[in-house]
Amino acid sequence: MTHHPLWQQLVAAGQQHVLRFYEELAPDAREQLDRQLSGIDLQLLQQLTNNTLATPDWAAMARRATPPPAIRLDDRQAAFISAAAARRAGEEALRAGRAAAILVAGGQGTRLGFDHPKGMFPLGPVSGHALLQILIEKVVATARRYNASVPLYVMTSPATHTETVAYLTAHDRFGLPADDLRVFCQGTMPAVDAATGKLILAAKDSLALAPDGHGGMLEAMNRSGVLEHARERGIDLFCYGQVDNPLLQLCHPELIGYHALAESEMTTQVIRKATPLERVGNVVMVDGKMHIIEYSDLPEDVALQRNPDDTLYVWAGSIAVHVFDAAFLQRTSCRADVLPFHRAHKQVTYVDAQGVRHTPTAPNAFKFERFIFDLLPQAHNAIVVESETAEVFAPVKNADGAATDTPTTARNAMIRLHRRWLEAAGAQIADGTPVEISPLWALDAEQVAERLELPCTISQPTFLSP
Ligand code: UTP
């Protein structure tokens, strides 16, 4: 093996075991492994493994944190930008074709345990439509509503790319014009053995590689030409959301309007945390900059702090919905180290020295991911906008059977919201009857009120679609 071009470097880093099976590999398998190895920054990997890169002292930061500048639901009308003005400005941006949508769909969806990309999961409570269909139809409906084109950029990873592209093609992009959909693929990071720091072989001819986190979007948008494509189309803001939230309001006019009128470079949609230790990121200000502190990094005594009126001091829970200024993404995407890596302890399948495959039952490896919300402290005039949880957030993280964030909890949240819209418009719905509204029929309560023909009585499972 000593004649392999990377041999010296691998030996110096103590990683030469990855060539253990090289002699027995076919030429194309060797090529694959070579390609993977040449993409790795061994020095960075070592620093990440040993945790020797400077990482923020989250506990200390949390202790000096203050609440972020926010448009709160309670005083939305009286805020420095009124809801009506925000809606007008957002609608104007949409009509002018200045907004694009980004859906990140590169995650491995390990917790859900579905055999395909999570976006293909059949979530619609009555329709059985997949998450991707539900969300893409929201973009199609928004474009129709404002008589404009709203390009959608879908981020995949090597774990999800081929199947996602085939799925979208087979379904004619769920109605999006071909010109308005671009799928781009994020990068990967190798996993390492948590005890030894050694690279892990997932097979004799392949390293264990994992998507580099939703923060990988920044580099991938630049590399794949998405930023350039959007610039040529006159896009000046991107509405970001994740594929695992069927209640995601992608390209919501009011959110876009607050962002534009506040001249914010990055706007974050939040919910009021229901409990202090809720498992969401916490949006706070520290030393004049906005940050999201993960629930796992927030000291309990800080999480428990209350205002005199008994509301939570650290109240703003992130739902991973942002509006980005295009120029902000362009500026930051040129800086390789703008987003730090986070280390996570995970289960990773490996082949041992004898070539036998093992699937561990407990975490055995470190994976390294970047988070897109770490861009927040770089953004000028960042603001947060509060929304009602029941209207915007129903994440699908865990398989059914878990206590929270399952397909069943998300379906129930959709049914509850759609039922509320229909009842507000005058429909009579029998108790326990599931209802679902296609985004192509109505995007919100206002459109339901316009479309619903009265009298309307619903006594069996109903999917309202055009
Ligand atoms: P999560 O961090 O919840 O990960 O992703 P996940 O892949 O869905 O699920 P687990 O943790 O493996 O069980 C939140 C969102 O970010 C996307 C996911 O597709 C999801 O929409 N994501 C995550 C990426 O696009 N790329 C990544 O590298 C990680």
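Residues numbered from 1 in each chain as written. Predicted model: local features only at pLDDT ≥ 70, side-chain atom pairs only at ≥ 80, totals over all residues. Heavy atoms only, no water.

Student: Got a minute to help me understand the overall build of the protein chain in this structure?
Tutor: Check the secondary structure of the protein chain and you find 15 helices and 23 strands. For 466 residues, the compact-globule estimate of 2.2 N^0.38 gives 23 Å, and the C-alpha radius of gyration of the protein chain, at 23 Å, lies within 12% of that figure. Across its three principal axes, the protein chain shows a C-alpha extent of roughly 80 × 50 × 45 Å. A separation of at least 24 residues holds for 75% of the contacts in the protein chain among residues at least 6 apart in sequence. Of the roughly 20,700 Å² of accessible surface on the protein chain, 48% is carried by carbon and sulfur atoms. For the protein chain, the separation between the mean place of its 41 positive charges and that of its 53 negative charges on side chains is 1 Å. (Helix = DSSP H or I, 4+ residues; strand = E, 2+ residues; numbered from the N terminus. Rg over C-alpha atoms; globule rule 2.2 N^0.38 Å. Contact = heavy atoms within 4.5 Å. Areas by Shrake-Rupley, 256 points an atom, 1.4 Å probe, with all protein chains shown as cover. Lys, Arg positive; Asp, Glu negative; His and termini not counted. Charge placed at Lys NZ, Arg CZ, Asp CG, Glu CD.)

Student: Even after reading the chapter, I still don't get the pairing of strand β4 (residues 181–185), so can you show me in this structure?
Tutor: Direction of pairing for strand β3 (residues 152–156) relative to β4: parallel, over a ladder of 5 bridges. Within the sheet, the bridge partner assigned to valine 154 lies in β4 and is valine 183. For the crossover that starts at β3, traverses helix α7 (residues 161–170) and ends in the parallel β4, the hand is right-handed. (Pairing = 2+ DSSP bridges. Right-handed = clockwise from strand over helix to strand, strands pointing away.)

Student: I would appreciate a short explanation of the environment of histidine 322 in the present structure.
Tutor: Mapped onto the elements of the fold, histidine 322 is located in strand β14 (residues 316–325). When the C-alpha atoms of histidine 322 and glycine 241 are compared, they prove to be 6.9 Å apart, with 81 residues separating the residues in sequence. Not counting the four nearest positions on each side in its chain, histidine 322 is found in contact with Phe238, Cys239, Tyr240, Met266, Thr267, Thr268, Ile292, Ile372 and Phe373. Within the structure, the side chain of histidine 322 is placed 3.1 Å from the side chain of threonine 268, a separation counted as a polar contact. (Polar contact = N/O pair within 3.5 Å; in protein donor to acceptor, adjacent residues only side chain to side chain.)

Student: Even after reading the chapter, I still don't get the side chain of serine 206, so can you show me in this structure?
Tutor: Note that serine 206 resides in strand β8 (residues 206–207). Within the local environment of serine 206, its side chain forms a polar contact with the side chain of glutamine 36, the two groups lying 3.1 Å apart. Those residues in contact with serine 206, other than ones at most four positions away along the chain, are Gln32, Leu33, Gln36, Ile200 and Leu201.

Student: Even after reading the chapter, I still don't get the pairing of β14, so can you show me in this structure?
Tutor: Side chains on a regular strand alternate between the two faces of the sheet. Taken across its 10 residues, β14 has 9 buried, putting it largely inside the fold. Sheet topology places strand β10 (residues 237–242) next to β14; 4 bridges connect them, and they run antiparallel. Considered in β14, the bridge of phenylalanine 238 is made with phenylalanine 324. One ladder, built from 7 bridges, connects strand β11 (residues 266–272) with β14; its direction is antiparallel. Across the sheet, isoleucine 271 pairs through a bridge with glycine 317, a residue of β14. (Buried < 20%, exposed > 50% of the residue type's maximum accessible area, 1.4 Å probe, protein only.)

Student: Explanation requested: the packing of aromatic side chains in the structure shown.
Tutor: The description of two aromatic rings rests on the distance between their centres and on the angle between their planes. Summed over all chains, the structure comprises 5 aromatic pairs. Each ring, one from tyrosine 240 and one from phenylalanine 324, has its centre 5.9 Å from the other, and the planes form 90°; the classification is edge-to-face. Taken together, the residues span a long stretch of sequence, with tyrosine 240 in strand β10 and phenylalanine 324 in strand β14 at a distance of 84 residues. Given the relative accessible area of 0%, tyrosine 240 is considered buried. With relative accessibility at 0%, the residue phenylalanine 324 sits in the buried group. Against the face of tryptophan 315 rests arginine 72, its NZ or CZ located 3.4 Å from the ring centre. (Phe/Tyr/Trp six-rings, centres within 6.5 Å; stacked < 30°, edge-to-face > 60°. Lys NZ or Arg CZ within 6 Å of the ring centre and 35° of its normal.)

Student: Help me out: how do you make sense of the nonpolar core in this one?
Tutor: Formed by 47 residues in total, the largest nonpolar core has its most connected members in Leu103, Ile136, Leu152, Ile256 and Tyr258. If one sorts the elements of this core by residue count, helix α6 (residues 131–145) sits on top with 6 residues. If you look at the next biggest cluster of nonpolar residues, it comprises 39 residues, including Met217, Ala220, Ala230 and Trp315. (Core = buried A, V, L, I, M, F, W, Y, C linked by side-chain atoms within 4.5 Å.)

Student: Got a minute to help me understand the site of the ligand in this structure?
Tutor: Not every one of the 19 residues close to the ligand is listed here, only the nearest: Thr110, Arg111, Gln186, Gly213 and Lys397. One of the backbone nitrogen or oxygen atoms of glutamine 108 is found 3.0 Å away from an oxygen atom of the ligand. Within the side chain of lysine 118, an N or O atom sits 2.8 Å from an oxygen atom of the ligand. Within the complex, the protein chains bury 90% of what would otherwise be the 570 Å² of accessible surface of the ligand. Grouping the constituent residues of the shell around the ligand by class yields 5 nonpolar, 9 polar and 5 charged. (Near = heavy atom within 4 Å. Nonpolar A, V, L, I, M, F, W, Y, C, P; charged D, E, K, R; others polar.)

Student: It is not clear to me how the pattern of salt bridges should be interpreted in this structure. Could you clarify?
Tutor: Oppositely charged side chains can form a pair if their charged atoms are brought close together. Per the stated rule, a full pass over the model turns up 22 salt bridges. A salt bridge links lysine 204 to glutamate 24; the shortest N-O distance between them is 2.9 Å. Of the two residues, lysine 204 sits in the loop between β7 (201–203) and β8 while glutamate 24 sits in the loop between α1 (7–12) and α2 (27–38), which places them 180 residues apart along the sequence. We classify lysine 204 as partly exposed; its relative accessible area is 30%. Residue glutamate 24 is classed as exposed on the basis of its relative accessible area, which comes to 52%. A salt bridge links glutamate 386 to arginine 72; the shortest N-O distance between them is 2.7 Å. Residue glutamate 386 is located in strand β19 (residues 383–387), and its partner arginine 72 is located in the loop between β1 (70–71) and α5 (83–95); the two are separated by 314 residues in the primary sequence. Residues glutamate 386 and arginine 72 agree in their burial class; the two are buried. Through salt bridges that share partners, Arg87, Glu91, Arg95, Arg145, Asp444 and Glu446 make up one connected network. (Salt bridge = Lys/Arg side-chain N within 4 Å of Asp/Glu carboxyl O.)

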